[in-house]
Amino acid sequence: MTATIRFFVFLCILFISGQTRAQTRTPAGSEVPAPASDSCDGVFLSYTYKTGKIIPPTLKSDPTRQAYRFESTLFVLNNDLEELKSWRVFVGFQHDEYLVSASNVVLADGTSLPASVGNGSVFAGYPNADLKTGVETAGDLTQMSVQVDLVGTQFGIGAPDVPLPNNISLVNDGWVCPKPSNQGKSVRQVCCSRDPKFKSNVTLDEEFLPRQDGDLTIMYDIIRTYESNYWAQVTIANHNPLGRLDNWRLSWDWMNDEFIFAMKGAYPSVVDTSKCVFGKQGEFYKDLDFSTALNCDRRPTIVDLPLAKTNDTNLGMIPYCCRNGTILPPAMDPSKSISAFQINVFKMPPDLNRSILSPPQNWGISGRLNPTYKCGPPVRVSPSQYPDPSGLLSDSAAMASWQVICNITKPKGVSPRCCVSFSAYYNESIIPCPTCACGCPANTDSTCSTKSPALFLPSQALLIPFENRTTLSTAWADLHHFPVPNPLPCGDNCGVSINWHLFTDYRGGWSARITIFNWDEFSFVDWFTAIELGKAAPGFEAVYSFNGTTLNGVNNTIFMQGLPGLNYLVAETDSANPQKDPRVPGKQQSVISFTKKLTPGVNIPGGDGFPTKVFFNGEECSLPKVLPKSNSHRFGSSVLISVILAVAVFLAMQ
């Protein structure tokens, strides 16, 4: 009986184990596929849409503008044999996304979150900008990869549809990415590989990336470091032959609750430590006198000091400091193409270690009437070296250095701040600056037209502010039977205008006259203008009242600046009789001569004698869309015109 029971139990065990093996055995040909990242021997990228929901208000009448919350994940994995330094990934958002938060990254163009990213955006790793290899980490995914959690708002894509980007790609130099593929409805992924045609100048044993070129470079060098604070030197260098900054304003984001305690060579635009006193900084630094600190904003704005502070022992004494925020092109003065200052930064826990150093992020810089710059993220480079302050022949190296690259951009929807008018010896009318060339107020429908073309002008009108030209311009239109819209066109609203006048044209050469008008309330010191002329530029001979030269490395461009002692373009001022006469702009004028020996076949009146681009202090100006045409009645009505204009000017003054 006992043997029979044991045999029965044994049969039961065999049956149960067989059933278990049968249930757990995977049928042939249906193995679970390995993750797609395992088959990628380069850099694997994936974008996963996790969840979303509708956001009020509900727009039933316009579902394309309905807002939805989205939560997504961007995953970056380095499966390559080399470390991926300063990784950057482009995500091609396409649904007017507005990004509210993103972990482990910053926007590579220096924009602070929240921000609109509907046209796509490049992410840069922060605080860990580098991804190590599996070989050097024994396959540690925490060092090989990064997961970015994204939260934001998108428009028009509700369930069951999924708002995926149209592209994801690695934008580091030397990498190529094919078109991404979909994994189901919610995942888009791609494997990027090295470009075999790319020639790198970085060797494998180099610790830092090489320094890059840009229109403007900013160095953030740690020169002294302590447990709770450090001193950094910030150096701004201009490398663009047409780039410039006036009264520069530099800003960034502190990422770890840092604050500015002291500075030399520059100063915060606002001195305010209240956020420290009532915040976590005040709780930690209980014995610190915050009345002597400078700024506790998360995003401070730094401005340059005036010239008078250059040799101030407390605020100045820094090479290249204290120039009223003016940074000139290197061609004008190499010594004035650099600006520098030093800053004392206090840190917060858990970064209280002299070796824990982290630069601020999201850099931005702007000027008064200058180009628009977009700045990338700080990139760790080899430590900068400075001449020893004691006068020894040796150099002193920084503790750590980061480089920020800023390039000139033309953002959509941003108006220029200067404009150009055209005129010629063969036509009595001035082709004025375009309507709203530098933008127009929002509510102008009842007062002026933002779409009607500007009225042609007599030459006298160039010296009169726009608001005083109405009588003169309408009289000129009536005289020449030009159409007059109702309402009249709005003004150009530009602080600086430039008139290019075709002066003469003869067999062996030609000449032009350039006049610069300053309608602003501030003057321009060390001003410059640059004229791009196309195929007529090689015939340039001389500028008679300015310093003028062709620019090396810039095609067909003539660079002009004021002569010594005449480099000051004054602001608009009151006339001698302010009660009767309009205000008077600052003005500089010169004639430019050209030869035709080097440019046979140029058609000066046909367009070759007019610039294709005009720059003032680095800002590209708005140009007219038409050129002056030949006018056979130029001389026949001169007496009548003079009488009518005299009456019109008198009425305008009244």
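Residues numbered from 1 in each chain as written. Predicted model: local features only at pLDDT ≥ 70, side-chain atom pairs only at ≥ 80, totals over all residues. Heavy atoms only, no water.

An unreviewed UniProt entry lists the chain under the name cobra 7, with Olea europaea subsp. europaea given as the organism. Recorded under Sequence similarities (unreviewed entry), the UniProt text for the chain is reproduced unchanged: "Belongs to the COBRA family." (UniProt positions renumbered as here; feature names shortened; annotations may be inferred.)

Caption draft 1: Examining the overall build of the chain more closely. On a plain count of helices and strands, the chain comes out with eight helices and 38 strands. Per-residue burial over the chain gives 46% buried out of 654 residues. The contacts in the chain between residues at least 6 apart in sequence include a share of 70% that link residues at least 24 apart. A total accessible area of about 33,300 Å² is found for the chain, and carbon and sulfur atoms account for 54% of it. (Helix = DSSP H or I, 4+ residues; strand = E, 2+ residues; numbered from the N terminus. Buried < 20%, exposed > 50% of the residue type's maximum accessible area, 1.4 Å probe, protein only. Contact = heavy atoms within 4.5 Å. Areas by Shrake-Rupley, 256 points an atom, 1.4 Å probe, with all protein chains shown as cover.)

Caption draft 2: Highlighting the side chain of Ser 72. Summarising the element assignment, Ser 72 is placed in strand 2 (residues 67-78). Assessed through its relative accessible area of 2%, Ser 72 is described here as buried. In this structure the side chain of Ser 72 is engaged in a polar contact, spanning 3.0 Å, whose partner is the side chain of Tyr 47. Those residues in contact with Ser 72 that sit more than four places away from it in its chain are Tyr 47, Thr 48, Tyr 49, Lys 50, Val 148, Asp 149 and Leu 150. (Polar contact = N/O pair within 3.5 Å; in protein donor to acceptor, adjacent residues only side chain to side chain.)

Caption draft 3: Looking closely at the state of the cysteines. With the rule as written, the count across this model stands at 10 disulfides. Covalent S-S linkage joins Cys 418 and Cys 621, the inter-sulfur distance amounting to 2.0 Å. Its S-S torsion of approximately -95° makes the covalent link between Cys 418 and Cys 621 left-handed. Of this pair, Cys 418 sits in strand 26 (residues 418-424) while Cys 621 sits in the loop between strand 38 (619-620) and helix 8 (638-653), and the two are 203 residues apart along the sequence. (Disulfide = S-S within 2.5 Å.)

Caption draft 4: Region of interest: the nonpolar core. Among the nonpolar cores identified, the biggest contains 35 residues, and Trp 500, Trp 510 and Phe 616 are the most heavily contacted of them. Broken down by secondary-structure element, the contributors of at least two residues to this core are strand 26, strand 28 (496-505), strand 29 (509-518), strand 32 (540-543), strand 34 (557-562), strand 36 (586-595) and strand 37 (613-616). (Core = buried A, V, L, I, M, F, W, Y, C linked by side-chain atoms within 4.5 Å.)

Caption draft 5: Region of interest: the pairing of strand 25 (residues 400-409). With seven of 10 residues buried, strand 25 is to be regarded as a mostly interior element. Where strand 13 (residues 216-225) lies against strand 25, seven bridges are found, and the strand directions are antiparallel. When the bridges of strand 25 are listed, Thr 217 appears paired with Ile 405. Note that strand 21 (residues 372-375) and strand 25 share four bridges and pair antiparallel. Residue pairing for strand 25: Cys 375 is matched across the bridge by Cys 406. Examined bridge by bridge, strand 22 (residues 379-381) and strand 25 share three bridges and lie antiparallel to one another. Across the sheet, the residue bridging to Val 381 is Ser 401, located in strand 25. (Pairing = 2+ DSSP bridges.)

Caption draft 6: Main features of the environment of Gly 279. Among the structural elements, Gly 279 can be located in the loop between helix 4 (274-277) and helix 5 (280-284). Residue Gly 279 is classed as buried on the basis of its relative accessible area, which comes to 18%. Taking the C-alpha atoms as reference, Gly 279 lies 9.6 Å from Cys 296; in sequence the two are 17 residues apart.

Caption draft 7: Local environment of the sheet that holds strand 5 (residues 105-107). Taken in spatial order, the four strands of this open sheet run 5-7-3-9, and their pairing is antiparallel. Two strands bound the open sheet, and with one partner strand each, they are strand 5 and strand 9 (168-170). Strand-to-strand, the axes of this sheet are offset by a mean angle of 30°, without reference to chain direction. (Axes fitted to C-alpha atoms, helices over the stretch in contact; angles between N-to-C directions.)

Caption draft 8: Structural detail: a nonpolar patch on the surface. A grouping of Val 525, Tyr 568 and Val 570 is seen on the molecular surface, where their side chains present a nonpolar patch of about 260 Å² in accessible area. By the element assignment, Val 570 lies in the loop between strand 35 (568-569) and strand 36. (Patch = residues over 30% accessible without salt bridge, like charges linked within 9 Å, V, L, I, M, F, W, Y side chains within 5 Å. Salt bridge = Lys/Arg side-chain N within 4 Å of Asp/Glu carboxyl O.)

Caption draft 9: Representation of the packing of aromatic side chains within the structure. Under the defined criterion, the tally for this structure stands at 24 aromatic pairs. Ring geometry for Trp 510 versus Phe 594: centroids 4.0 Å apart, planes at 5°, classification stacked. With Trp 510 in strand 29 and Phe 594 in strand 36, the pair connects residues that are 84 residues apart, well separated along the chain. Overall, Trp 510 belongs to the buried group, its relative accessible area being 1%. With a centroid separation of 5.4 Å and 75° between ring planes, the pair formed by Phe 522 and Phe 524 is classed as edge-to-face. Taking the relative accessible area as the measure of exposure, Phe 522 reaches 27% and is therefore partly exposed. Chaining the aromatic ring pairs together yields one cluster made of Phe 259, Phe 261, Phe 284, Tyr 285, Phe 290 and Phe 346. Sitting over the face of the ring of Phe 155, Arg 65 holds its NZ or CZ atom 4.5 Å from the ring centroid. Arg 380 extends its terminal NZ or CZ atom over the ring of Trp 402, reaching a point 5.0 Å from the ring centre. (Phe/Tyr/Trp six-rings, centres within 6.5 Å; stacked < 30°, edge-to-face > 60°. Lys NZ or Arg CZ within 6 Å of the ring centre and 35° of its normal.)

Caption draft 10: Structural view of unusual backbone geometry. Backbone torsion omega between Leu 113 and Pro 114 reads 5°, so that peptide bond is classified as cis. As for its position among the elements, Pro 114 is in the loop between strand 5 and strand 6 (115-116). Along the chain, Ala 159 connects to Pro 160 via a cis peptide bond; the corresponding omega equals 10°. Here Pro 160 lies in the loop between strand 8 (145-155) and strand 9. One non-glycine residue, Asp 257, adopts positive backbone phi at about 65°. Relative to the helices and strands, Asp 257 is located in the loop between strand 15 (249-253) and strand 16 (259-264). Using a relative accessible area of 34% as the deciding quantity, one classes Asp 257 as partly exposed. We note that Asn 617 has phi near 50°; this positive angle belongs to a residue other than glycine. In this structure, Asn 617 sits in the loop between strand 37 and strand 38.

Caption draft 11: Seen up close, the pattern of salt bridges. Tallied over the entire structure, the rule returns 19 salt bridges. Its salt-bridge partner being Lys 85, residue Glu 83 comes within 3.7 Å of it at the nearest N-O pair. Close ionic contact of Arg 354 with Glu 227 constitutes a salt bridge, the shortest N to O distance being 3.4 Å. Taken together, the positions of Arg 354 in the loop between strand 19 (338-346) and strand 20 (361-366) and Glu 227 in the loop between strand 13 and strand 14 (229-238) put the pair 127 residues apart, joining distant regions of the chain. Its relative accessible area of 46% is what places Arg 354 among the partly exposed residues. Overlapping salt bridges bring together Asp 80, Glu 82 and Arg 194 as one network.

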